[in-house]
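Each chain, written out:
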Amino acid sequence: MSIGDRIKQRRKELDLTQPQLAEIVGVSKGTIGNYESNLCSPNEKVLFKLFSALECDANFLYQDNIKENGNENGKKITVKESEMIDKYRRLDDHGAKVVDFVLEEEYSRSIEEESDSAPVLKIRHSFYKVSAGRGFDLGDEDEWEEIEIPDTPESRRADFALTIKGNSMEPAYYDGEIVLVKAQPSVDIGETGIFIVNGSGYIKKNGGDRLISVNPEYKDILFSEGDIISCAGKVIGCI
């Protein structure tokens, strides 16, 4: 199992949702999702917060990196590595804590350097936030910026990105998350899209004659005669 798999496993053992773990650690739900999908790795500060939130230590998260007969790439453990493991097992609690601290600090530094060089791509991101009930003009070129996101097959399919405001689409999408959108004039019934109704932007499910929220606390937005309705695109994922 990968480190991301171990994070997911432990989170579920503690009966925590991704948003709950994200709140405890101080990152977004999308970031936790990226950790669990192995799209990126936690930096040093987040790593120690994860140990606390998941009630585990480095041995649990990284246990699969070194196996009895080899590492995760199938390579045999060297004599030097074997000697280090033997020495570690002979340490008392204080010694083990010191080694764990140094190991995690150096590992996190290395991972962070790898993350800095991980492939990214740039995508247009609107200053407007969907579900905010405010003016929403995707055609206004002054209301866009360029942001960097992980280079994934999903992100390469996206034409632009938007930030969500509000909790009407929880637990599918959360307040503050950035969603990836593929520009198209319509989406199938039941699919999630970006809709503009009388100048206000929404992220909702297409209900045919209405827009539907995932959160049952919110009523459907029924279409009325005279409404000006358009679809800006299909939501294909989030960051």
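Structure first, text after, so check above.
A few points on the structure.

Conventions adopted
Residues numbered from 1 in each chain as written. Predicted model: local features only at pLDDT ≥ 70, side-chain atom pairs only at ≥ 80, totals over all residues. Heavy atoms only, no water. Buried < 20%, exposed > 50% of the residue type's maximum accessible area, 1.4 Å probe, protein only. Helix = DSSP H or I, 4+ residues; strand = E, 2+ residues; numbered from the N terminus. Arc of directions from axis to C-beta. Pairing = 2+ DSSP bridges. Core = buried A, V, L, I, M, F, W, Y, C linked by side-chain atoms within 4.5 Å. Contact = heavy atoms within 4.5 Å. Phe/Tyr/Trp six-rings, centres within 6.5 Å; stacked < 30°, edge-to-face > 60°. Lys NZ or Arg CZ within 6 Å of the ring centre and 35° of its normal.

**A short note on helix α1 (residues 3–13)**
- Along α1, the residues classified as buried are I3, G4, R6, I7, R10 and R11. One side of α1 carries all its buried residues, which in axial view fall inside an arc of 160 degrees.
- In the stretch just after α1, D15 is the one whose phi turns positive, near 60 degrees.

**Let's talk about the pairing of strand β7 (residues 192–197)**
- Most of β7 is tucked away, with six of its six residues classed as buried.
- Judged by which residues are buried, β7 turns out to be covered on both faces: T192, I194 and I196 on one side and G193, F195 and V197 on the other are all buried.
- Summarising the sheet, β7 and strand β8 (residues 200–206) pair through six bridges and their orientation is antiparallel. Directly across from I194, in β8, lies its bridge partner I203.
- In this antiparallel pair of consecutive strands, β7 and β8, the connection spans two residues, and N198 shows a positive phi of 50 degrees.
- Pairing of β7 with strand β11 (residues 229–238) involves five bridges; the strand directions are antiparallel. Across the sheet, I196 pairs through a bridge with S230, a residue of β11.

**What about the nonpolar core?**
- I7, L21, L50, F51, L61 and Y62 are the most contacted members of the largest nonpolar core, which totals 19 residues.
- Elements with a minimum of two residues in this core: α1, α2 (18–25), α3 (29–36), α4 (44–53) and α5 (58–61).
- Per-element accounting of this core gives the leading share, five residues, to α4.
- With residues near it in sequence (within four places) discarded, L61 still touches I3, R6, I7, L47, F51 and C56.
- Listed in part, the 13 residues of the second largest apolar core include F160, M169, I194 and A232.

**So, the packing of aromatic side chains**
- Applying the stated criterion across every chain, the model contains three aromatic pairs.
- Here the aromatic rings of F48 and F51 are separated by 5.7 Å at their centres, their planes lie at 90 degrees, and the arrangement is edge-to-face. Separated by three residues within a single helix, F48 and F51 lie in helix α4, roughly one turn from each other.
- For the ring pair W144 and F160, a centre distance of 5.6 Å and an interplane angle of 85 degrees mean the geometry is edge-to-face. With W144 in strand β4 (residues 144–150) and F160 in strand β5 (residues 160–164), this pair connects stretches of sequence that are 16 residues apart.
- You can call F160 buried: its relative accessible area is 6%.
- Put simply, the rings of F48, F51 and F101 pair up and form one aromatic cluster.
- Looking at R6, its charged tip hangs above the ring of F60, at a distance of 5.6 Å from the centre.
- Above the face of the W144 ring, R124 is positioned so that its terminal group lies 4.0 Å from the ring centre.

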